[in-house]
Amino acid sequence: MIDDTELLDRAEALVAAYAEAGRTIVTAESCTGGLVAGLLTAVPGSSAVVERGYVTYSNEAKAEAIGVPMDLIYRHGAVSEDVARAMACGALSASRATVAVAITGIAGPGGGSAEKPVGLVHFGLALRDGGRRHLERRYGDLGRGAIRRAAVADALGLLEGALAD
């Protein structure tokens with residue numbers, strides 16, 4: 001889990017707001033390896049909000065656990081807008097949650113390319129009522145830990161924004 005007071009404070013506020021709104025969250029995480037779910041479940045009372053979390057690190061896990069089509073992964077790559085969106089929609093379909101957030105990226109130190117450099121992260125957000133969002137971030141090669149922390153912060157931001165919908 002991330003030991004970060006600012007992120008934990010945001011997670012506490014998010015859990016309280018989701019509980020008050022009667023909304024629940026499912027996560028589908030690749031490069032963050034469950035850090036968003038871990039942060040949210042560090043908050044007492046989060047069981048009322050966190051419905052479940054998927055760590056779908058491999059392409060096969062994305063396909064088997066949350067239904068991301070393998071041809072989509074082959075066409076666009078696991079780190080892409082299309083796959084992030086499919087991860088969010090798949091996690092929502094495979095759960096009872098009202099909101100899904102998905103993260104796929106390249107945290108490094110290796111694995112990047114000119115087209116998809118280290119620090120590239122795609123996010124998907126899906127709402128049970130049909131709302132969808134995508135966010136792309138290019139953090140740069142900040143180091144694995146910093147990229148993952150930044151991705152967690154942006155995932156929280158998407159979840160915070162979903163409360164307005």
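Right, let's walk through the structure included here. None of the values given here were measured: they were computed from a predicted structure.

Considering the sheet that holds strand E2 (residues 50-55)
Right, on to step 1. The five strands are arranged E2-E1-E3-E4-E5 in an open sheet whose pairing can be described as mixed. Strands at the two margins of the open sheet, each flanked by one partner only, are E2 and strand E5 (132-138). Across the sheet, the mean angle from the axis of one strand to that of its neighbour is 10°, orientation sign disregarded.
Right, on to step 2. When strand E1 (residues 25-29) meets strand E3 (residues 99-105), the two strands line up parallel, connected through five bridges. Across the sheet, residue Thr27 finds its bridge partner in E3, namely Val101.

Considering the side chain of Asp154
Right, on to step 1. Positionally, Asp154 belongs in helix H6 (residues 144-162).
Right, on to step 2. Overall, Asp154 belongs to the buried group, its relative accessible area being 16%.
Right, on to step 3. Within the local environment of Asp154, its side chain forms a polar contact with the side chain of Arg137, the two groups lying 2.9 Å apart.
Right, on to step 4. Sequence-distant contacts of Asp154, defined by excluding residues within four places in its chain, comprise Phe123, Leu135, Arg137 and Tyr139.

Analysis parameters
- Residues numbered from 1 in each chain as written.
- Predicted model: local features only at pLDDT ≥ 70, side-chain atom pairs only at ≥ 80, totals over all residues.
- Heavy atoms only, no water.
- Pairing = 2+ DSSP bridges.
- Helix = DSSP H or I, 4+ residues; strand = E, 2+ residues; numbered from the N terminus.
- Axes fitted to C-alpha atoms, helices over the stretch in contact; angles between N-to-C directions.
- Buried < 20%, exposed > 50% of the residue type's maximum accessible area, 1.4 Å probe, protein only.
- Polar contact = N/O pair within 3.5 Å; in protein donor to acceptor, adjacent residues only side chain to side chain.
- Contact = heavy atoms within 4.5 Å.

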